[in-house]
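# Observations on the model geometry
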Amino acid sequence: MSTWLITGCSTGLGRALAEAVLGAGDNAVVTARDVAKVADLADRAPDRALAAGLDVTHPAQVAAVVRRAEERFGGVDVLVNNAGYGYRAAVEEGDDAEVRALFDTHFFGAVAMIKAVLPGMRARRSGAIVNISSIGAQINPVGSGYYAAAKAAMEAMSGALRGELAPLGISVTVVEPGAFRTDFAGRSLIQSATVIDDYADTAGRRRKENDTMHGTQAGDPAKAAAAIITAVNAPEPPSFLLLGPDALAIYRYVAEARAAEIARWEQLTGATNFD
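Cut-offs applied
Residues numbered from 1 in each chain as written. Predicted model: local features only at pLDDT ≥ 70, side-chain atom pairs only at ≥ 80, totals over all residues. Heavy atoms only, no water. UniProt positions renumbered as here; feature names shortened; annotations may be inferred. Phe/Tyr/Trp six-rings, centres within 6.5 Å; stacked < 30°, edge-to-face > 60°. Helix = DSSP H or I, 4+ residues; strand = E, 2+ residues; numbered from the N terminus. Pairing = 2+ DSSP bridges. Axes fitted to C-alpha atoms, helices over the stretch in contact; angles between N-to-C directions. Contact = heavy atoms within 4.5 Å. Polar contact = N/O pair within 3.5 Å; in protein donor to acceptor, adjacent residues only side chain to side chain.

Looking at an unreviewed UniProt entry, one finds the protein chain named Short-chain dehydrogenase, with Mycobacterium bohemicum as its source organism. Note on the protein chain: under the UniProt heading Sequence similarities (unreviewed entry), the record states "Belongs to the short-chain dehydrogenases/reductases (SDR) family."

Moving on, we come to the packing of aromatic side chains. Within this structure, the stated rule accounts for three aromatic pairs. Ring centres 4.9 Å apart and planes at 80° place the aromatic pair Phe107 and Phe108 in the edge-to-face group. Geometrically, the ring pair formed by Phe240 and Tyr251 is tilted, given 5.4 Å between the ring centres and 45° between the ring planes. Placement of Phe240 in strand S9 (residues 240-243) and of Tyr251 in helix H8 (residues 245-264) is noted, with a sequence separation of eleven residues between them.

What follows is about the sheet that holds strand S6 (residues 127-132). A sheet is described by the order of its strands in space; here seven strands give the open sequence S3-S2-S1-S4-S6-S7-S9, paired in parallel fashion. Of all strands in the sheet, those bounded by a partner on one side alone are strand S3 (49-53) and S9. Averaged over all adjacent pairs, the angle separating strand axes in this sheet is 15°, with direction ignored. Pairing between strand S7 (residues 170-177) and S9: four bridges, direction parallel. Paired with Val174 across the two strands is Phe240, which belongs to S9. Here helix H6 (residues 145-165) sits on the sheet and contacts S6, S7 and S9; the angle it forms with S7, its principal contact strand, is near 155°.

A separate point is the side chain of Thr173. Secondary-structure assignment places Thr173 in strand S7. For Thr173, the side chain forms a polar contact with the main-chain oxygen of Pro238, separated by 2.5 Å. Residues in contact with Thr173, not counting those within four places in the same chain, are Ile129, Val130, Asn131, Pro237, Pro238, Ser239 and Leu241.

So, about the environment of Ala218. Examined against the element boundaries, Ala218 turns out to sit in the loop between strand S8 (189-191) and helix H7 (221-232). Along the chain, Ala218 and Ile190 lie 28 residues apart, while their C-alpha atoms are 22 Å from each other.

As structure tokens, this is what we get:
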């Protein structure tokens, strides 16, 4: 029986994953900033679930929830950094405080969680870290530049972390979902108060009032949760996992376009050494 610690379980993928983990018979530490929103998850399996309030931007709360997990279950076997929210703004429109808060949650909050669980994982020479990213880190959609940048930072850190932890028996997996039917494009999406008309036909099209995707996404969060569990339990968990046929198609398109541009500029690229 494994113990999972999942951040951001009040709704969406985090809640679906918590339900799947408990349904599979494992232990789960289910967290949310408002613990009342995850109390029902703990009530379903009181012997195997622990509900805890957690804001990943507060170091004391991070330390406390990991300590409680260790006291209750003996340690954390799987950490899933899922807590987060969307932020939309043209780069020029972005509010500095809001952008810093975004990085505090998606990047620095994830790093804090990782640092908190690693001593126990290293001592046991086993564990898994799953960092939920987004296909946006690949496509860098206009209007979501800051969100994509936060996820890209997480992915770069995860790549180095995987190399550091592999000899210690600890896996690191980055998950890039496509569009799933969660509240990500609804309640969990904020945007800048500043609106610059010159960006109406680019970033402006992605503002909440112009977005018609919410509630129509093809991705099933329950199936995404099952896929994550399968990946974590694999003999060799993947370093990178796309979720959704849309994510797969987009990734291949971006890779092919990038390869074509590299080839187009290959001569200039290769002409920079000393003669």
